[in-house]
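# Notes for the structure review
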Amino acid sequence: NNNNNNISTPGETGNSKLATEIVPKEMKNFEAALLDDLSMPRAAASLFALVKAAEAEFKKKKKKDDDNTPPDLDGLRAIEESFQKMDRVFGIFYEVPQTEEEKREAEDAEVIPKEVMDLVGQRTAAKEAKDWDLADSLRKTITELGFKVKDVKDGEPIVSRLE
């Protein structure tokens, strides 16, 4: 049954052993595990069998770098499709939410205007030229624009919004 709403095997793909033998076998085992009182350990075993098969394909390709044998892309695509289908049950492939600190850092990085970054660059150049008056003047201008500059030894200065 090739209905997109079920968890059946991905479509037939050429002569790929991964796509025609391994993926169908593991998807059948996965479905059997679900039908057996939602046996999650058995379902997870099918997932990890596919992870192992994909890893083996990548390692095989890595060992054969000297020849031009392409990786089994049909098989790897079938594995990826199976992961997506299995994830409808497991719900484990998701983007990890950012912490509050990561969110603030991302907002700070996005909010600093180009004008301020240009002034920071000019200030860094002034400091390297030991033009301390100009560097202090640029810092004051940056502060008036609502930002602070923290100098870092042997690194780029850290710019953040004044709180």
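See the structure shown above.
The following paragraphs examine the structure supplied in this document. In this text the structure is predicted, and so the values were computed from the model without any measurement.

### Let's talk about the pattern of salt bridges
When charged atoms on two side chains of opposite charge get close, those side chains can pair. Counting across every chain of the model gives 9 salt bridges. The salt bridge involving Lys-127 is made with Asp-151; its shortest N-O contact spans 3.1 Å. Within this pair, whereas Lys-127 is found in helix α5 (residues 114-128), its partner Asp-151 is found in the loop between β1 (147-150) and β2 (158-161), the two being separated by 24 residues in sequence. We classify Lys-127 as partly exposed; its relative accessible area is 25%. In the salt-bridge network here, residues are joined through shared partners; they are Arg-123, Lys-127, Arg-139 and Asp-151.

### Let's talk about the environment of Ser-46
Counting through the fold element by element, Ser-46 comes out in helix α2 (residues 40-63). Here Ser-46 falls in the buried class, since its relative accessible area comes to 2%. As a C-alpha pair, Ser-46 and Val-23 span 23 residues in sequence and 9.2 Å in three-dimensional space. Beyond its immediate chain neighbours, meaning those up to four positions away, Ser-46 contacts Glu-26, Asn-29, Phe-30 and Met-86. Within polar-contact distance, the side chain of Ser-46 engages the backbone oxygen of Glu-26 at 3.4 Å.

### Description of α2
In this model, α2 (24 residues) spans 34 Å end to end at C-alpha, consistent with the 34 Å of a helix rising 1.5 Å per residue. Of the positions making up α2, those classed as buried are Ala-43, Ser-46, Leu-47, Leu-50, Ala-53, Ala-54 and Glu-57. On its buried face, α2 sits against α1 (17-35) and α3 (73-90).

### Some details on unusual backbone geometry
Phi is positive for Asp-37, close to 60 degrees, though the residue is something other than glycine. Note that Asp-37 resides in the loop between α1 and α2. One non-glycine residue, Leu-38, adopts positive backbone phi at about 50 degrees. The residue Leu-38 is located in the loop between α1 and α2 in this model.

### Here we look at the environment of Glu-57
Residue placement: Glu-57 occurs in helix α2. Since its relative accessible area comes to 6%, Glu-57 is described here as buried. Once the C-alpha coordinates of Glu-57 and Leu-18 are considered, the two residues, 39 residues apart in sequence, prove to be 9.0 Å apart. Once residues within four sequence positions are removed from consideration, Glu-57 is found in contact with Leu-18, Pro-71, Asp-72 and Leu-76. Here the side chain of Glu-57 touches Lys-60 through a polar contact of 3.1 Å, side chain to side chain.

Reading guide: rules and limits
Residues numbered from 1 in each chain as written. Predicted model: local features only at pLDDT ≥ 70, side-chain atom pairs only at ≥ 80, totals over all residues. Heavy atoms only, no water. Salt bridge = Lys/Arg side-chain N within 4 Å of Asp/Glu carboxyl O. Helix = DSSP H or I, 4+ residues; strand = E, 2+ residues; numbered from the N terminus. Buried < 20%, exposed > 50% of the residue type's maximum accessible area, 1.4 Å probe, protein only. Contact = heavy atoms within 4.5 Å. Polar contact = N/O pair within 3.5 Å; in protein donor to acceptor, adjacent residues only side chain to side chain. Expected span 1.5 Å × (residues − 1).

The values reported here are purely geometric and, on their own, carry no functional implication.
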